[in-house]
Amino acid sequence: QLMLGVGASKKTYLDDVFSTYLFRGNATSRSITNGIDLAGEGGMTWIKNRDAASGQDIFDTVRGTGKRLTAESNAAQSNAGSCVNAFNSNGFGLGTDSMTNTNNEDYASWTFRKTKGFFDVVTWVGNETNRTISHSLGCVPGCIMIKCTDDNKAWTVYHREVGPEKRLKLNDSDAEYDNSIYFQDTKPTSSSFSIGNSADVNGMEGSTGLNYVAYVFAGGESTAATARSV
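These lines cover the structure that appears in this document, whether it is placed above or below. A quick note: this is a predicted structure, and the numbers were derived from the prediction, not measured.

**Some points on the overall build of the protein**
Then, number 1: Looking only at helices and strands, one finds five helices and 21 strands in the protein.
Then, number 2: Computed over the C-alpha atoms, the radius of gyration of the protein is 18 Å, within 12% of the 17 Å expected from 2.2 N^0.38 for a compact globule of 230 residues.
Then, number 3: For the protein, the C-alpha atoms occupy an extent of roughly 50 × 45 × 30 Å along the three principal directions.
Then, number 4: Evaluated residue by residue, the protein yields a buried proportion of 44% over its 230 residues.
Then, number 5: Across the protein, contacts joining residues at least 24 apart in sequence account for 61% of those joining residues at least 6 apart.
Then, number 6: Accessible area of the protein: about 10500 Å², with a carbon and sulfur share of 44%.
Then, number 7: Of note, the protein has its 21 positive side-chain charges centred 5 Å away from the centre of its 25 negative side-chain charges.

Printed below as a string of structure tokens:
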């Protein structure tokens, strides 16, 4: 087991907060037990069919069960209550939907638990005005993936190796794009990140703000000589 350096008195191990779990679909409602407390702590699970050219489906506890985003598409979230239908204290529940549980087809799932020093899920309502969004990592993020959940907008990605001046897209093969309308050319901090007025990260539909979700990943391993963390 690898220990996360999260500054808490209780030791948190990597397999308390992250799981790669493989399973075979059976088209029957069931529980996936991977040891991650999604019910109590919250988090996200990402599921991919390994036998078919189907979507990469993302679900999180903040938006709630049955709210499906696809990593390879700019589509808004869809209601898919028979995909992931529960967040449990030791994993998540599956329904009978063929996207996540086709009989006799193999799947991979990656589950990230919300915890300081590792991962967070944040939501907000757009206002088309430069602003900062708070997060609870307690350290500087290394990667932030943003998606508008109720309109067709591209996934917008910040990565520390590219910098805040440039935007990456998760859902296509575009090269990095330099424009301050995404992250205000401002590096994230241990408590917040900056967004601009782009509709992909902070838009409105008429006088109504669009809804957004961000998956916020910590910045990587500690560079301290005495660090015992990942």
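**A short note on the sheet that holds strand β21 (residues 211-218)**
Then, number 1: What the six strands build is an open sheet, ordered β12-β21-β14-β15-β16-β17; its pairing is antiparallel. The open sheet has two edge strands, β12 (119-125) and β17 (177-178), and neither has a second partner.
Then, number 2: Inspection of the sheet shows strand β14 (residues 141-148) paired to strand β15 (residues 156-159) by four bridges, in the antiparallel sense. Directly across from I146, in β15, lies its bridge partner T156.

**A few points about the side chain of S198**
Then, number 1: Within the secondary structure, S198 sits in the loop between β18 (192-195) and α5 (199-202).
Then, number 2: Residue classification places S198 among the buried positions, given a relative accessible area of 7%.
Then, number 3: If sequence neighbours within four positions are ignored, S198 has contacts with I181, Y182 and G203.

Basis of the calculations
Going along each chain's sequence as written, the residues are numbered from 1 onward. Two thresholds apply to this predicted model, a pLDDT of at least 70 for residue-level local features and 80 or more for giving and counting side-chain atom pairs, whereas whole-chain, interface and lining totals are computed over all residues. To obtain the side-chain values, all non-hydrogen atoms of the structure were used and water was disregarded. Secondary structure counts use DSSP, requiring at least four H or I residues in a row for a helix and at least two E residues in a row for a strand, with both numbered from the N terminus. The size measure is the radius of gyration over C-alpha atoms, and the globule rule it meets is 2.2 Å times the number of residues to the 0.38 power. For the exposure calls, accessible area comes from a 1.4 Å probe over protein chains only, and a residue counts as buried if that area is under 20% of its type's maximum, exposed if over 50%, partly exposed in between. By definition in these notes, contact holds between two residues if any of their heavy atoms fall within 4.5 Å. Each accessible area is a Shrake-Rupley estimate made with a 1.4 Å probe; only the visible protein chains count as cover when residues are assessed. Charge assignment in this entry is limited to Lys and Arg as positive and Asp and Glu as negative, and neither His nor the chain termini are counted. Every charge is mapped to an atom, namely NZ of Lys, CZ of Arg, CG of Asp or CD of Glu. Note: two strands are recorded as paired if DSSP finds a minimum of 2 bridges between them.

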